[in-house]
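# An overview of the molecular structure
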Amino acid sequence: MNVKRMLGLILVIAGVILGVARAIGGEPQSGDWTVRQSDIPGKVEFSLMDSRAGHHFHSSSDWPASDFSGVDFSKPGRQEVHFTIARDAGKFACEGFLRDGEGAGLFHFLADAKYAQEMKALGFDGIDGDKQWAMAIHDVSLKFARDIKSKNLEGLDTDKLMAFKIHGVTPDFIEAIRAAGLDESESDKLIAFRIHGVSPEFVSGIRSAGLNVVDSDKLIAFRIHGVTPEMIRSLKQAGYDPDADKLIAMRIHGATPEWVAELEKQGYEHLDLDKLIAFRIHGVSPDFIGQLHKLGYAHPEPDQLIAMRIHGVTPDFITGLQSRGMKNLSIDQLVSLRIHGIE
């Protein structure tokens, strides 16, 4: 998928929070909260909910337990709790109860009056009350904004800054990506990296397998289609020297190292990668080759195999001809019969 189009969809999804908040209007932000245990050590699953003017807002994510000042999630039994979660964009004042570390209650969001102006001074404008509410939920801090700004990125704006926070594009991640050999400065690509799993470890793994890929789009395609360092090493050990485009095409069409090894057992070693891809596209399988061998057609040329599949020269077709006395036909003759409509 085109990266810019994909990013547009991502920002639409991320913007659902903002859209619902705008529908609520300029009223003070308040509603219900719940908290549950998280599978992530040191975190809890915290949810905020609000329903007004026919719109329902629900945000649920893992928050650091340390954000809940004064709350002991390990305490057994029921306890009343009052706590404030402080973010640069504002504070969530909460009250309610917990039972064995899980519970619910009410919250009120108090926006920080200086936040929008301080963010604007950093170059991130357009922060109205609704967007500030969302940035508080995702903890888009002034320090985070300053640190990201210092990376000299292209296409960085307020919405992408929040997308960075949602998807985990941190200053450390940017530095690690660059240290791995990718001089990436496009905000869109960095978001796509995080969504699809183009990590510094993945980039280094591809390079250690013997392929130096610095094209961001190709690395994203690798992750989308499943090109791994293990696949590259297997193909190289088998004597192939694939480039990035061939690897992507092989994965799209299912030409796996295991499938290639089965072809080699049938005598088709070190074929041109374009031929291997064409085999997969047209259905030239090890099983198809084995059936031809049983019918007396041992080791046809790769182009002949492709032509047979394109024109429908199947083992059943050959068997039918042989049963009618038409034996010892060449492959070219078989293809010609199919082209001219012989059943």
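Structure shown above.
Residues numbered from 1 in each chain as written. Predicted model: local features only at pLDDT ≥ 70, side-chain atom pairs only at ≥ 80, totals over all residues. Heavy atoms only, no water.

## Observations regarding the packing of aromatic side chains
This is how it is decided: Each pair of aromatic rings taken from Phe, Tyr and Trp, with Trp reduced to its six-membered ring, is defined by centres within 6.5 Å and is described as stacked if the planes are under 30 degrees apart, edge-to-face if over 60, and tilted in the remaining cases. By definition, any uninterrupted DSSP run of H or I lasting at least four residues is a helix, any uninterrupted run of E lasting at least two residues is a strand, and each is numbered from the N terminus. For the exposure calls, accessible area comes from a 1.4 Å probe over protein chains only, and a residue counts as buried if that area is under 20% of its type's maximum, exposed if over 50%, partly exposed in between.
Enumeration according to the criterion identifies 15 aromatic pairs in this entry. Ring centres of Trp33 and Phe83 lie 5.3 Å apart, and the angle between their planes is 70 degrees; on these two criteria the pair is classed as edge-to-face. Taken together, the residues span a long stretch of sequence, with Trp33 in strand S1 (residues 30–37) and Phe83 in strand S4 (residues 78–87) at a distance of 50 residues. Since its relative accessible area comes to 1%, Trp33 is described here as buried. Since its relative accessible area comes to 5%, Phe83 is described here as buried.

## Structural notes on the packing of helix H17 (residues 315–323) against helix H18 (residues 331–339)
Basically, it comes down to this: Between the N-to-C directions of two axes lies an angle of 0 to 180 degrees, each axis being a line fitted to C-alpha atoms and, for a helix, fitted only over the stretch in contact. Convention used here: angles under 35 degrees read as roughly parallel, angles over 145 as roughly antiparallel, angles from 65 to 115 as roughly perpendicular, and any remaining angle as oblique. Note on contacts: a residue pair is in contact if any heavy atoms of the two residues lie within 4.5 Å. Lys, Arg, Asp and Glu make up the charged group, whereas Ala, Val, Leu, Ile, Met, Phe, Trp, Tyr, Cys and Pro make up the nonpolar group; the residues left over, Gly among them, are polar.
Axis separation between H17 and H18 bottoms out at 12 Å; the angle between their running directions is 95 degrees. Here H17 lies roughly perpendicular to H18, going by the angle between them. On H18, the residues that touch Phe317, Ile318 and Leu321 of H17 are Leu334, Leu337 and Arg338. Split by residue class, the contact of H17 with H18 holds five nonpolar, no polar and one charged.

## Focus: helix H13 (residues 257–265)
Put simply, the rule is: Along the arc lie the directions from the helix axis toward the C-beta atoms.
Buried within H13 we find Pro257, Trp259, Val260 and Leu263. One face of H13 carries all of its buried residues, which in axial projection span an arc of 160 degrees. In H13, those exposed residues whose orientation departs by more than 90 degrees from the buried face are Glu258 and Lys265. Those residues of H13 that are buried are in contact with helix H11 (229–237), helix H12 (244–253), helix H14 (273–282) and helix H15 (286–294).

## As for the layout of surface pockets
Applied cut-off: Each cavity reported here is a set of points on a 1 Å grid over the protein atoms alone in which a 1.4 Å probe fits but cannot get out, each pocket an open set with protein on both sides within 12 Å along at least five of seven lines, and each lining residue one with an atom within 4 Å of a point. Grid points are joined across faces, edges and corners, and a volume is the space filled by probe spheres set on the points.
By volume, the largest pocket is sized at about 470 Å³. Elements represented by at least two residues in the lining of the largest pocket include exactly strand S3 (55–64) and helix H6 (158–167). Sort the elements by how many residues they give to the lining of the largest pocket and S3 lands first, with six residues. When the residues that make up the lining of the largest pocket are grouped by side-chain class, the tally is seven nonpolar, six polar and five charged.

## A few points about the nonpolar core
Going by this rule: The definition of a nonpolar core used throughout is a set of buried Ala, Val, Leu, Ile, Met, Phe, Trp, Tyr and Cys residues joined through side-chain atoms within 4.5 Å.
Within the largest apolar cluster, 98 residues are counted, with the highest numbers of intra-cluster contacts made by Trp33, Phe46, Phe92, Met119 and Phe222. In this structure Phe92 touches Leu48, Trp63, Phe83, Thr84, Ile85, Arg87, Phe107, His108, Phe109, Trp133, Ala136 and Ile137, once residues within four positions along its chain are discounted.

## Some words on the pairing of strand S6 (residues 102–111)
For clarity, the cut-off: Pairing between strands is defined by DSSP: at least two bridges between them are needed.
Relative to S6, S1 runs antiparallel, the two sharing six bridges. Paired with Thr34 across the bridge in S6 is Ala104. With ten bridges joining them, strand S5 (residues 90–99) and S6 adopt antiparallel strand pairing. Bridging from a neighbouring strand, Phe92 pairs with Phe109 of S6. Counting the residues in the hairpin turn of S5 and S6 gives two residues, including Asp100, whose phi is positive at 55 degrees.

## With respect to the side chain of Ser59
Turning to its location among the elements, Ser59 is positioned in strand S3. The exposure class of Ser59 is buried, given its relative accessible area of 9%. Discounting chain neighbours no more than four positions away, the residues touching Ser59 are Phe46, Ser47, Leu48 and Ile137.

## As for the pattern of salt bridges
Which entries qualify depends on this criterion: Definition used for salt bridges: Asp or Glu carboxyl oxygen within 4 Å of a side-chain nitrogen of Lys or Arg.
A complete count under the given rule lists 15 salt bridges for this structure. Its salt-bridge partner being Asp139, residue Arg87 comes within 3.6 Å of it at the nearest N-O pair. With Arg87 in strand S4 and Asp139 in the loop between helix H4 (129–137) and helix H5 (142–149), the pair connects residues that are 52 residues apart, well separated along the chain. Look at Asp139 and you get partly exposed, because its relative accessible area is 26%.

## Thoughts on H12
Where we set the bar: Any N or O atom pair separated by 3.5 Å or less is treated as a polar contact, with the protein-specific requirement of one donor-capable and one acceptor-capable atom, and with residues adjacent in sequence counted only for side-chain atom pairs.
Within the span of H12, buried status applies to Ala244, Leu247, Ile248, Ala249 and Met250. Considering only its buried residues, H12 is in contact with helix H10 (216–225), H11, H13 and H14. For H12, the capping residue at the N-terminal end is Asp243, with a side-chain oxygen 3.3 Å from the backbone nitrogen of Asp245. In the stretch just after H12, Gly254 is the one whose phi turns positive, near 85 degrees.

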